[in-house]
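Examining the three-dimensional arrangement
Here's the letter readout for the chains.
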2 protein chains.
Amino acid sequence: ADAAAGKSKAQMCAVCHGLDGIGKNPDVPNLAGESPIYIAKQLHAFKSGQRQHEQMSIIAQSLSDDDIANLAAWYASLKVTVEMPN
Amino acid sequence: ADAAAGKSKAQMCAVCHGLDGIGKNPDVPNLAGESPIYIAKQLHAFKSGQRQHEQMSIIAQSLSDDDIANLAAWYASLKVTVEMPN
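Residues numbered from 1 in each chain as written. Chains lettered and ligands numbered in written order. Predicted model: local features only at pLDDT ≥ 70, side-chain atom pairs only at ≥ 80, totals over all residues. Heavy atoms only, no water.

**Examining the relation of the copies chain B and chain A**
Heads up, the condition is: Only residues with pLDDT of at least 70 in both copies count here: their C-alpha atoms drive the least-squares fit that superposes the copies. In this analysis, two residues are considered to be in contact whenever any of their non-hydrogen atoms come within 4.5 Å of each other.
Between the two copies, chain B and chain A, the superposition gives an RMSD of 0.0 Å; the rotation angle is 180° and the shift along the axis is 0.0 Å. What the superposition gives is, in effect, a two-fold axis relating one chain to the other. Distance from the rotation axis, computed per C-alpha, reaches its smallest value in chain B at B:T81: 2.7 Å. The residues that chain B uses at the interface reappear at the interface of chain A in 100% of cases, marking a shared surface.

**Describing the interface of chain B and chain A**
Basically, it comes down to this: Here the quantity called buried area is the accessible surface, traced with a 1.4 Å probe, that two parts lose on coming together, added over both. Salt bridges, as used here, are contacts in which a Lys or Arg side-chain nitrogen is within 4 Å of a carboxyl oxygen on Asp or Glu. The definition of a polar contact used here is a pair of N or O atoms within 3.5 Å, where within protein one atom must be able to donate a hydrogen and the other to accept one, and adjacent residues in sequence count solely through side-chain atom pairs. The helix and strand labels rest on DSSP assignments: H or I over at least four residues marks a helix, E over at least two residues marks a strand, and numbering proceeds from the N terminus. Residues are grouped as follows: Ala, Val, Leu, Ile, Met, Phe, Trp, Tyr, Cys and Pro are nonpolar; Asp, Glu, Lys and Arg are charged; every other residue, Gly included, is polar.
Across the boundary between the two partners, chain B contributes 29 residues, which contact 29 residues of chain A. The junction of chain B with chain A conceals about 2500 Å² of combined surface from both sides, 53% of it contributed by carbon and sulfur atoms. Our count for the chain B to chain A interface comes out at zero salt bridges. Linking chain B to chain A there are 15 residue pairs in polar contact (both at pLDDT 80 or more). Elements represented by at least two residues in the side of chain B that touches chain A include exactly helix 3 (36-48) and strand 1 (79-83) of chain B. The element contributing the most residues to the side of chain B that touches chain A is strand 1 of chain B, with five residues. Within the side of chain B that touches chain A, the residues separate by chemical class into 14 nonpolar, eight polar and seven charged.

**Notes on the side chain of A:R51**
Counting through the fold element by element, A:R51 comes out in the loop between helix 3 (36-48) and helix 4 (56-61). There is a polar contact of 2.8 Å between the side chain of A:R51 and the side chain of A:Q42. Other than its neighbours up to four places away in sequence, A:R51 contacts A:Y38, A:Q42, A:A45, A:F46, A:S57, B:Y38, B:Q42 and B:R51.

**Side note on the pattern of salt bridges**
All names here are of chain A. To be explicit about the condition: In this scheme, a residue with accessible area under 20% of its type's maximum is buried, one over 50% is exposed, and one in between is partly exposed, where area comes from a 1.4 Å probe on protein chains only.
Following the criterion strictly, the structure yields two salt bridges over all chains and no others. The partner of D67 in a salt bridge is K9, and the shortest N-O contact between them spans 3.8 Å. Of this pair, D67 sits in helix 5 (residues 65-76) while K9 is found in helix 1 (residues 3-9), placing the two residues 58 residues apart along the sequence. Using a relative accessible area of 18% as the deciding quantity, one classes D67 as buried.

Purely geometric stuff here, so don't read any function into it on its own.
Okay, structure coming up:
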């Protein structure tokens, strides 16, 4: 998979998912540092209809298998660190 | 919602989702710093069957509305920072 191609493809996702992969509104999941296998599985599920969402079901139709692999690689490359509340 | 109650409830989730909310295997999403509205929406979707998953569909049946709100509050309280790849 090609994370750089994923980065440019992700420009269209950024409006909701953020350039840094952190959701821009409360209905939107973070994608930063997510497992590429999980991301690809969800995009294929939206594409096949196995998982449904108003916007994502439509957007996923426009994604090729390569797009999906590249987007997954891109978001997985965003390094996430967690700070536990004390 | 009670994040502390969510933290103790989340002990059972940690085996897959990690104590720090980072997925322990590639099929499992990260939950750390996720929007509480998104998490609650997904848990209710697994509970109602609107979203399906082998384990989560079963686990969600055991969760009350309070459990769901508390789990969402707990995972949202885990602070996430993203490091962009250069």
